[in-house]
Amino acid sequence: TTEIYTLSLHDALPISGTVQYLYNALSWGYETVIFQLPDAGPGPSGPNTQAVTLREEPIEESTEGRYRIPNTFSASLVQFNASGYSPYVAQTPSNPVTYSTPETGIGQFSNGLVRVQFPLSGGVPAPEEVLYFTGPSGMERTVYKNREGQSPTIPGGLYIYDDVPIFWDAWDVMDYHLETRKLIPIEIQTDPVPFAQGPVVGGYKWTGTFGTHGSTFERYTFLRANSPLVEYLLVVDWKEDHKFLKVEWPVDILAREATFEIQYGHTPRPTHINTSWDMAKFEVCGHKWVDISQRDKGVTFISDSKYGWHVRANVVSLSLLKSPKNPDPTCDMHKHYIQYAVLPHEGTFQAANVIRRAYELNYYGANNVPLLQGVANPAPAADFVNVSVPGVIVEAVKPAHDVQSSVVVRLYEAFGGNAENVT
């Protein structure tokens, strides 16, 4: 339905001229850093754009993967109008990304909203990131913490489990797989090294080999200017048998429940095992985001393509890959491109607008955002559909099939409350 909306509105844009426009299918305007591939026509240029190189060789062929993952691209901070077109203007970041080495062997990226520290050398199975965030109060707070008595968890670390279901190899996940958890023994191929140092994008990468069949991975951790998200791009060449790959985070949060996005809303689920019902929720679904919060702060985890979660106590796990051998012995034995993000916040997830942030990452976070050519006058339509209440999400716009010259707008209240005087 969103594609119908996009195509019908695109017809109104003149396709000749020299002015470049952006198109936004979401029902609110927002600011973000976009990525532009070099083969997508005229790309961003000028003092407020940044050339980013993930690595020298191509990561994938242009036809592979859900996204076209470029090894090099341009990045610029832009402003989207709500549900319509807006002229492309590369803006100067008010919170640029900076890189520094505050201690020997430690690298640090910061944009004034979040700060990531990481080791510059190997010696550990995964870089032990330390993440801080600054909320509206102006006070910097920690994000990750192992609680006393817990098995230590490396923030953002990759963990592997045995996966041998009783009946349906490719579909079932059994609770006893949790007893086989272990940190992946990684042979580090390249130590963590910055691939971009700002001001629009900054981040570091590291690579390794793991498993009994020589699976490999590349992980890119990056910040965008003016963004409270810490984002990850994980490229895995998966070759394992009957294994389950997860990424895990121990957060500095005390909460009896975590909140999971579902279609047109969200639902709470327990973080403890007090009943048989709680025990059965060892692997649960969440769509674009999962949040765990206490009264004054919380952490949201956003995924663009993975929907299996496990939250116990203060440890959040996202299921990444499975390796069944029946009915297809080669199932998922290829490269995977996975994007996810961590969004620490003060207060509730509603107040932090994490629902909109999750939509934005899923719509434009890793896609090549095209620049459309048009004329300056008349300006193309903007704000075709807009809402005045932050908790209301326009999910679809489509032509009405039974009423001529009419449009159906499907929307829902996402915060879990009333929405009055919506325009």
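What counts, and at which threshold
Residues numbered from 1 in each chain as written. Predicted model: local features only at pLDDT ≥ 70, side-chain atom pairs only at ≥ 80, totals over all residues. Heavy atoms only, no water. Helix = DSSP H or I, 4+ residues; strand = E, 2+ residues; numbered from the N terminus. Buried < 20%, exposed > 50% of the residue type's maximum accessible area, 1.4 Å probe, protein only. Areas by Shrake-Rupley, 256 points an atom, 1.4 Å probe, with all protein chains shown as cover. Patch = residues over 30% accessible without salt bridge, like charges linked within 9 Å, V, L, I, M, F, W, Y side chains within 5 Å. Salt bridge = Lys/Arg side-chain N within 4 Å of Asp/Glu carboxyl O. Phe/Tyr/Trp six-rings, centres within 6.5 Å; stacked < 30°, edge-to-face > 60°. Lys NZ or Arg CZ within 6 Å of the ring centre and 35° of its normal. Pairing = 2+ DSSP bridges. Axes fitted to C-alpha atoms, helices over the stretch in contact; angles between N-to-C directions. Core = buried A, V, L, I, M, F, W, Y, C linked by side-chain atoms within 4.5 Å. Contact = heavy atoms within 4.5 Å. Lys, Arg positive; Asp, Glu negative; His and termini not counted. Polar contact = N/O pair within 3.5 Å; in protein donor to acceptor, adjacent residues only side chain to side chain.

**Q** Sorry, what's going on with the overall build of the protein chain here?
**A** Within the protein chain one finds three helices and 28 strands. For the protein chain, the proportion of its 423 residues judged to be buried stands at 50%. Per element, the accessible surface of the protein chain, about 18,900 Å² overall, is 53% carbon and sulfur.

**Q** What is the right way to look at a nonpolar patch on the surface in this model?
**A** A contiguous nonpolar patch, built from Ile 166, Phe 167, Trp 168, Trp 171 and Tyr 176 and spanning about 680 Å² of accessible area, is present on the exposed surface. Structurally, Tyr 176 can be placed in the loop between β11 (157-162) and β12 (182-183).

**Q** Which parts of the structure should I look at to understand the packing of aromatic side chains?
**A** When we look at a pair of aromatic rings, we describe it by the centre distance and by the angle of the planes. Across all of its chains, the model carries 20 aromatic pairs by this definition. Where Phe 35 meets Phe 73, the ring centres are 4.4 Å apart and the plane angle is 40°; that geometry is what we call tilted. Highlighted residues: Phe 35 in strand β2 (residues 30-36) and Phe 73 in strand β4 (residues 72-80), separated in sequence by 38 residues. A residue is classified by how much of its surface remains accessible, and Phe 73, at 7% relative accessible area, is buried. Among the aromatic residues, those joined into a cluster by ring pairs are Trp 28, Tyr 30, Phe 80, Tyr 359, Tyr 363 and Tyr 364. A cation over an aromatic ring shows up here: Arg 115 above the ring of Tyr 132, its NZ or CZ 4.2 Å from the ring centre. Above the plane of the ring of Tyr 161 lies Lys 246, whose end atom (NZ or CZ) is 4.7 Å from the centre.

**Q** I keep staring at the sheet that holds strand β6 (residues 98-103) and nothing clicks. Help me out?
**A** Through backbone hydrogen bonds, the strands of a sheet pair up, either in parallel or in antiparallel fashion. As summarised here, the arrangement of the five strands in space is β6-β7-β8-β9-β10, forming an open sheet in which the pairing is antiparallel. Strands with a single pairing partner mark the edges of an open sheet, and in this sheet they are β6 and β10 (140-142). Pairs of neighbouring strands in the sheet enclose a mean axial angle of 25°, with direction left out of account.

**Q** Teacher, can you tell me more about the nonpolar core here?
**A** Nonpolar side chains tend toward joint burial in soluble globular proteins. If you look at the biggest cluster of nonpolar residues, it comprises 65 residues, and the most contacted ones within it are Trp 249, Ile 292, Phe 301 and Leu 320. Looking at which element gives the most residues to this core, the answer is strand β16 (residues 230-237), with six residues. Contact partners of Phe 301, with chain neighbours within four places excluded, come to Trp 249, Val 251, Lys 288, Trp 289, Val 290, Ile 292, Trp 309, Val 316, Ala 341 and Val 342. Counting residues in each nonpolar core, the second largest holds 31 residues, with Ala 358, Leu 361, Leu 372 and Ile 393 among its members.

**Q** What is the right way to read the sheet that holds β12 from this model?
**A** Overall, antiparallel pairing links the six strands, which are arranged β12-β11-β17-β24-β23-β20 in an open sheet. Each having just a single partner strand, β12 and β20 (284-285) make up the two edges of the open sheet. Relative to β12, β11 is paired through two bridges, and the arrangement is antiparallel. Counterpart to Ile 160 in the pairing with β12 is Lys 182.

**Q** Whenever I open this one, the side chain of Asp 169 confuses me. Can you help?
**A** Position of Asp 169 among the secondary structure elements: in the loop between β11 and β12. For the buried Asp 169, which has no salt bridge, the nearest side chain bearing the opposite charge is Lys 322, at an N-O separation of 5.1 Å. Of the polar contacts made by the side chain of Asp 169, one reaches the backbone nitrogen of Lys 325; its length is 2.8 Å. A distance of 3.2 Å separates a polar side-chain atom of Asp 169 from the backbone nitrogen of Asn 326.

**Q** Honestly, the environment of Arg 181 in this entry has me stumped. Any pointers?
**A** One can find Arg 181 in the loop between β11 and β12. For Arg 181, a relative accessible area of 28% translates into the label partly exposed. Not counting chain neighbours up to four residues away, the residues in contact with Arg 181 comprise Ser 151, Pro 152, Thr 153, Tyr 159, Ile 160, Tyr 161 and Glu 248. A polar contact is formed between the side chain of Arg 181 and the side chain of Thr 153, at a distance of 3.1 Å. Polar contacts involving the side chain of Arg 181 include one to the side chain of Glu 248, which spans 3.1 Å.

**Q** Can you help me understand unusual backbone geometry in this one?
**A** What you tend to see is this: most non-glycine residues have negative phi, and most peptide bonds are trans. The residue after Gly 198, namely Pro 199, is reached through a cis peptide bond having omega 10°. Counting through the fold element by element, Pro 199 comes out in the loop between β13 (187-197) and β14 (201-210). Here the amide bond leading from Asn 326 into Pro 327 is cis, since omega sits at 10°, within 30 degrees of zero. Relative to the helices and strands, Pro 327 resides in the loop between β24 (315-322) and β25 (335-346). Even without being glycine, His 242 reaches a positive phi, approximately 50°. On the secondary structure map, His 242 appears in the loop between β16 and β17 (243-250). Since its relative accessible area comes to 26%, His 242 is described here as partly exposed. Phi at Tyr 264 is positive, roughly 60°, even though this residue is not glycine. Locating Tyr 264 in the fold gives a position in the loop between β18 (257-262) and β19 (265-270).

**Q** What is the right way to read the pattern of salt bridges from this model?
**A** Charged atoms that come close allow side chains of opposite charge to pair. Inspection of the entire model under this criterion finds 16 salt bridges. Note that Arg 115 is salt-bridged to Glu 140, the shortest N-O span being 2.7 Å. Taken together, the positions of Arg 115 in strand β8 (residues 114-119) and Glu 140 in strand β10 put the pair 25 residues apart, joining distant regions of the chain. Overall, the relative accessible area of 16% leaves Arg 115 in the buried class. Exposure remark for Glu 140: the relative accessible area of 38% places this residue in the partly exposed category. Between Arg 357 and Glu 360 there is a salt bridge, with its nearest N and O atoms 2.8 Å apart. Within this pair, Arg 357 and its partner Glu 360 are both found in helix α3 (residues 354-364), separated by three residues, close to a single helical turn. On the basis of relative accessible area, Glu 360 is assigned to the buried category, the value being 10%. Within the structure, one salt-bridge network assembled from shared partners comprises Arg 141, Asp 296 and Glu 346.

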